[in-house]
2 protein chains.
Amino acid sequence: MALGIRERTLDSSRAAILEAAARCFHERGYAATSIDDVARALQSTKGRIYHHFESKADLFAEVFRVGMDMNYAALEPLRSLKGEAHQLWRRFAWVHVDQMITTRAFQRVVWMGVEMHLVGAPTPHQRALFEELFETRSRYGDIFRKLIAEGRESGHFHFPNLSVANQLMFMTLNSPIFWYSPRTGETRADIEDLIAQVVTCAWRGLGGTEGTGK
Amino acid sequence: MALGIRERTLDSSRAAILEAAARCFHERGYAATSIDDVARALQSTKGRIYHHFESKADLFAEVFRVGMDMNYAALEPLRSLKGEAHQLWRRFAWVHVDQMITTRAFQRVVWMGVEMHLVGAPTPHQRALFEELFETRSRYGDIFRKLIAEGRESGHFHFPNLSVANQLMFMTLNSPIFWYSPRTGETRADIEDLIAQVVTCAWRGLGGTEGTGK
DNA sequence: TTGACAACATACCCGGTAGTATGTTCATCA
DNA sequence: TGATGAACATACTACCGGGTATGTTGTCAA
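Note that this is a predicted model, so its numbers are computed, not measured.

**Considerations on the environment of Ile191 of chain A**
Residues and elements named next belong to chain A. Within the secondary structure, Ile191 sits in helix 10 (residues 188-205). Counting along the chain gives 52 residues from Ile191 to Arg139, while the straight-line C-alpha distance between them is 27 Å. Beyond its immediate stretch of four places on either side in the chain, Ile191 contacts Ile101, Tyr180 and Glu186.

Written out as C-alpha cells, the structure is:
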C-alpha cells in the first residue's frame with residue numbers, strides 16, 4: 001500500500017524541525033534558543049513543534065540522537081574492515097572529521113549535550129533519556145579509544161596516557177565544529193584537503209610514525 | 001595614607017564576584033546563568049552584583065577581561081626571551097596550558113566570549129566593549145601564530161596551512177578547559193605531567209621534529 | 001556627633017519564554 | 001458525504017530572570 005500524504009510528510013516535517021533546531025542550537029546554544037526561534041527559522045509557529053516533540057529538552061535530545069545516528073551510519077561501512085589498528089584509525093578518523101564538517105550543526109549539539117551533562121534535565125524521564133544518549137556517545141568514543149590503544153601496543157602510536165591521548169585526539173578531530181564554516185565556491189576537494197590536515201594533526205599528536213599513515 | 005576598609009574591601013569584593021561569576025558561567029554557560037545564581041554562589045543577593053557591574057553582559061565582559069589579563073601577565077616574563085621560534089613556542093605553550101588548567105573557569109569564559117561573538121550584546125556600548133576584548137584576544141593569538149610561522153620557515157614545524165595549523169594548535173592547547181577537572185590528592189607534579197602531554201601533542205601536531213622540543 | 005556616602009539587601013516591575021488549551025484546515029475512510 | 005483525526009495555527013497562562021527603585025547599615029570625614 002502506497003503511503004498517503006500524511007505518512008510521506010510526517011518524517012520530512014519532523015526532519016525539517018530537527019534541522020532548524022540543530023541550526024538554532026548551533027548558532028545560539030541551548031539556553032539562548034527559544035522554541036519560537038526554531039519556529040521562526042521554519043517560518044512556522046510553536047504549535048507545529050510541540051505537536052511533534054514533548055518539550056524543548058526532548059527536541060534537543062532528538063537532535064542529539066540524530067547526530068549520533070549519522071555518525072554511526074557513516075562509520076558502519078568501515079566496521080567490517082580488517083587490518084592494523086593504526087591504519088583503521090586513519091580511515092575512521094577521516095570519516096569522523098568529514099561528519100564534523102558536513103553535519104556540524106548536529107555535531108555541535110552532540111558536543112553541547114555532552115558538555116551539559118544532566119544540567120537542565122529536571123524530570124526523571126529526561127534524565128533517563130539523556131543517560132541513554134550519553135551511553136551511546138560513550139560507546140562511539142570507545143571505538144576510537146580501542147583503536148589507539150591497540151595502535152600503541154603495536155608500536156605505531158606513542159603516548160604516555162591513554163585517556164589523555166584520547167581526549168586530545170577527539171579535541172582535534174572534533175574541532176571543525178568550532179572553526180569550520182563553509183566558504184563560497186568551496187569544492188569537495190577543498191574540504192577533503194581540510195579533513196586531511198585535521199586527521200594528520202591528530203595522527204601526529206598520537207605519536208604516529210610519519211609517513212605510514214596514508 | 002593607609003587604605004581604609006572600603007578601599008581594601010572594594011577590590012576583594014569585586015574579585016569575589018568575578019570569581020563566582022566565572023564559576024557559574026563555566027558550569028552553566030552564559031545564557032543559563034542568572035544573576036541570582038551568581039549571587040547565590042556568593043551567599044549574597046543581586047544588589048551587590050549590580051552595585052559593582054552595570055549589567056550581566058558587563059559582568060561577563062569583565063570576567064573575560066580578567067581571564068585575558070591573566071594570560072598576558074603569565075606570558076609577560078617570557079616576552080623578553082630571545083631564541084629560536086620553535087623553542088620559544090614550547091615555553092609559551094607551556095605557560096598557556098598551565099593557565100588553561102589553573103584558571104580554567106576564567107579561560108572557559110574567554111572561550112565562550114569568542115564563541116558568542118557579538119550575539120547578545122544589544123547596546124552599542126557593549127558591542128564596542130566586546131570588540132575591544134576580541135581585539136585583545138586576537139593579538140594574544142597572534143603571538144603564537146607568529147611563532148609557529150617562524151618555526152615553519154626555519155624548518156622546525158611542518159604544516160600546509162598556517163591558519164588551520166593555528167586553529168588546531170589552539171584547540172589542543174585550550175582543550176583542558178573542557179576536560180580537565182582537579183582530582184583529589186593531585187600534586188603540582190601531576191599537573192605538570194598533564195601540561196607536558198598537551199604541549200607535546202600540540203608540538204607533534206605542528207609537525208615539530210621529535211626530540212628537539214624539550 | 002552627625003551628615004554623607006559606599007556597600008550592600010529588599011521589594012518590585014516587566015518583557016520574554018516554556019508549555020497549554022483551543023481553534024482551524026484538510027486528507028482519509030467508512 | 002460526513003465523520004474523524006492528524007497537522008498544524010492562535011491565544012493564553014504562569015513563571016522566571018534582567019533590571020530598577022528603594023530601604024538599611026556601617027564607615028569615614030569634618
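**What to know about helix 5 (residues 85-102) of chain B**
With 18 residues, helix 5 of chain B extends 25 Å between its outermost C-alpha atoms, agreeing within 8% with the 26 Å of an ideal straight helix rising 1.5 Å per residue. The buried fraction of helix 5 of chain B is high, at 14 of 18 residues.

**A few points about the domain arrangement of chain A**
Residues and elements named next belong to chain A. You can read the domains of chain A as domain 1 (1-53) and domain 2 (54-205). Relative to domain 2, the C-alpha centre of domain 1 lies at a distance of 24 Å. Tallying the contact residues gives 18 residues for domain 1 and 18 residues for domain 2. For the pair domain 1 and domain 2, the summed buried surface comes to about 1500 Å²; carbon and sulfur atoms form 75% of the total. Considering only the surface of domain 1 that becomes buried against domain 2, His26, Tyr30 and Phe53 emerge as the three largest contributors, covering 45% of it. Viewed at the interface, domain 2 and domain 1 are joined by one salt bridge. Where Glu62 meets Arg14, a salt bridge forms, and the shortest distance between an N and an O atom there is 3.5 Å.

**Some details on the pattern of salt bridges**
All names here are of chain A. By the definition in use, this model includes 22 salt bridges over all chains. Salt-bridge contacts for Arg28 lead to Asp37; the nearest nitrogen and oxygen are separated by 3.4 Å. Its relative accessible area of 34% is what places Arg28 among the partly exposed residues. Salt bridges sharing common partners tie together Arg14, Glu62, Arg65 and Glu132.

**So, the nonpolar core**
By size, the foremost hydrophobic cluster in this structure holds 76 residues, and its most contacted members are Ile49, Leu59, Trp89, Phe144, Met169 and Leu173 of chain A. Of the residues forming this core, the biggest block, 10 residues, is contributed by helix 7 (residues 124-153) of chain A. Not counting the four nearest positions on each side in its chain, Met169 of chain A is found in contact with Trp89, Phe144, Ile148, Ala202 and Leu206 of chain A. Counting 66 residues, the second-largest nonpolar core is a separate cluster that includes Leu18, Cys24, Leu88 and Ala202 of chain B.

**Re the packing of aromatic side chains**
Residue and element names in this part refer to chain B. Going through the model one piece at a time under the given rule, you end up with 31 aromatic pairs over all chains. On the basis of an interplanar angle of 65° and a centroid distance of 6.1 Å, the ring pair of Phe64 and Phe134 is categorised as edge-to-face. In this pair, Phe64 is assigned in helix 4 (residues 56-75) and Phe134 in helix 7 (residues 124-153), connecting sequence segments 70 residues apart. Pair check on accessibility: Phe64 and Phe134 agree, each one buried. Taking the centre distance of 5.2 Å and the plane angle of 75° together, the rings of Phe157 and Trp203 count as edge-to-face. One end of the pair, Phe157, is in the loop between helix 7 and helix 8 (162-174); the other, Trp203, is in helix 10 (residues 188-205), and 46 residues separate them in sequence. Phe157 gets classed as buried once you look at its relative accessible area, which sits at 1%.

**Here's the deal with the relation of the copies chain B and chain A**
Once chain B has been moved 0.1 Å along the axis and rotated by 180°, it coincides with chain A to within an RMSD of 0.1 Å. The superposition operator between the copies reduces to a two-fold rotation axis.

**Here's the deal with the side chain of Asp58 of chain B**
Residues and elements named next belong to chain B. Note that Asp58 resides in helix 4. Look at Asp58: it is buried, it has no salt bridge, and the nearest opposite charge is Arg14 at 6.3 Å. A distance of 3.4 Å separates a polar atom in the side chain of Asp58 from the backbone nitrogen of Glu54. Residue contacts for Asp58: discarding those within four places in its chain leaves Phe53 and Leu129.

**Description of helix 6 (residues 104-116) of chain A**
Every α-helical turn comprises 3.6 residues, leaving residues that sit three or four positions apart pointing alike. Relative to the 18 Å expected for 13 residues at 1.5 Å per residue, helix 6 of chain A spans 18 Å between its end C-alpha atoms, a close match to the ideal helical length. For helix 6 of chain A, the full list of buried residues reads Ala105, Phe106, Gln107, Arg108, Val109, Val110, Trp111, Met112 and Gly113 of chain A.

**A few points about the interface of chain B and chain A**
Contacts between the two partners involve 25 residues from chain B, matched on the other side by 25 residues from chain A. Of all residues in chain B, the largest losses of buried area upon contact with chain A belong to Leu168, Met171 and Arg204 of chain B, amounting jointly to 26% of the total for that side. On inspection of chain B and its partner chain A, the count reaches two salt bridges. If you look at where chain B meets chain A, you find six residue pairs in polar contact (both at pLDDT 80 or more). Counting residues per element, the side of chain B that touches chain A draws most heavily on helix 10 of chain B, which supplies six residues. Considered class by class, the residues forming the side of chain B that touches chain A number 13 nonpolar, eight polar and four charged.

How each quantity is defined
Starting afresh in each chain, residues are numbered from 1 along the sequence in its written order. Chain letters and ligand numbers both follow the written order, the letters beginning at A and the numbers at 1. In keeping with the predicted nature of the model, local features appear solely for residues at pLDDT of at least 70, side-chain atom pairs appear and are counted solely at 80 or more, and the whole-chain, interface and lining totals rest on all residues. The side-chain figures draw on all heavy atoms in the structure; neither hydrogens nor water molecules are used. Numbered from the N terminus, helices here are DSSP runs of H or I no shorter than four residues, and strands are runs of E no shorter than two. When checking whether two residues touch, look at their non-hydrogen atoms; a contact exists if any pair is within 4.5 Å. To estimate the expected span of a helix, subtract one from its residue number and multiply by 1.5 Å. Only protein chains enter the area calculation, which uses a 1.4 Å probe; residues under 20% of their type maximum are buried, those over 50% are exposed, and those in between are partly exposed. Where each domain begins and ends is defined by an automated method or by a domain database. Reported buried area values correspond to the accessible surface (1.4 Å probe) lost by two parts on association, with both partners' losses combined. We define a salt bridge as a contact between a side-chain nitrogen of Lys or Arg and a carboxyl oxygen of Asp or Glu at a distance within 4 Å. The nonpolar core is taken to be a set of buried Ala, Val, Leu, Ile, Met, Phe, Trp, Tyr and Cys residues, with the residues joined through side-chain atoms within 4.5 Å. A pair of aromatic rings is counted whenever rings of Phe, Tyr or Trp (Trp by its six-membered ring) have centres within 6.5 Å, and the orientation is called stacked for planes under 30 degrees apart, edge-to-face for over 60 and tilted otherwise. Residues reaching a pLDDT of at least 70 in both copies supply the C-alpha atoms on which the copies are superposed by least squares. Charge counting treats Lys and Arg as positive and Asp and Glu as negative, with His and both chain ends excluded. Polar contact is defined as a pair of N or O atoms within 3.5 Å, subject to the rule that within protein one atom must be able to donate a hydrogen and the other to accept it, and that residues adjacent in sequence are counted only when both atoms are side-chain atoms. As a working rule, the residues Ala, Val, Leu, Ile, Met, Phe, Trp, Tyr, Cys and Pro are called nonpolar, Asp, Glu, Lys and Arg charged, and the rest polar, with Gly in that last group.

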